[in-house]
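If you want the building blocks of each chain, they are given just below.
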Amino acid sequence: LLHDVPLATATCRFPGDPARRWLDATRASNDLAGYAVEFTEQPGAQMALRRALLPVRDFYDYVLIDCPPQFGIFTLAALNAADGVLLPVQAEHYA
């Protein structure tokens, strides 16, 4: 999403680790915090993650997208890219 870097080049593979050979990961950077305002102003920003995932979508059974605990542009982009959503909640009395 940042600076039009293709998702395939930002993905980290774990070929030497047998426990994680099925796992690919793409990490965020500290630049995301300051990029939210600029990203919001881009046309179609809400669909950017969906577009970034399209070329690699068929290679994965599941893609997990962890979002910040606020409803901002990055959470909106993740919801637009998702086929389903898991909402973790704290299981407490009156929570």
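Just above sits the structure.
One structure accompanies this document, and this report is about it.

As a further point, take the overall build of the chain. A count of helical and extended segments in the chain gives four helices and two strands. Every one of the 95 residues in the chain was classed for burial, and the buried ones make up 16%. Long-range pairs, those at least 24 residues apart, make up 56% of the contacts in the chain between residues at least 6 apart in sequence. Accessible surface, the chain: about 8,000 Å² in total, of which carbon and sulfur atoms supply 58%.

A cluster of nonpolar residues, Phe 71, Leu 79, Val 85 and Leu 87, forms a patch on the protein surface that exposes about 460 Å² of accessible area. Its place among the elements puts Leu 79 in helix H4 (residues 73-81). Overall, Leu 79 belongs to the partly exposed group, its relative accessible area being 40%.

Take the pattern of salt bridges next. Under the criterion given, the structure shown has one salt bridge. Notably, a salt bridge pairs Asp 83 with Arg 57, separated by 2.2 Å at the nearest N-O pair. On the criterion of sequence distance, the pair formed by Asp 83 in the segment after H4 and Arg 57 in the loop between helix H3 (48-53) and H4 is long-range, its members being 26 residues apart. Judged by relative accessible area, Asp 83 falls into the exposed class, the value being 68%. Given the relative accessible area of 33%, Arg 57 is considered partly exposed.

Quick notes on the rules
- Residues numbered from 1 in each chain as written.
- Predicted model: local features only at pLDDT ≥ 70, side-chain atom pairs only at ≥ 80, totals over all residues.
- Heavy atoms only, no water.
- Helix = DSSP H or I, 4+ residues; strand = E, 2+ residues; numbered from the N terminus.
- Buried < 20%, exposed > 50% of the residue type's maximum accessible area, 1.4 Å probe, protein only.
- Contact = heavy atoms within 4.5 Å.
- Areas by Shrake-Rupley, 256 points an atom, 1.4 Å probe, with all protein chains shown as cover.
- Patch = residues over 30% accessible without salt bridge, like charges linked within 9 Å, V, L, I, M, F, W, Y side chains within 5 Å.
- Salt bridge = Lys/Arg side-chain N within 4 Å of Asp/Glu carboxyl O.

Purely geometric numbers; function is a separate question.
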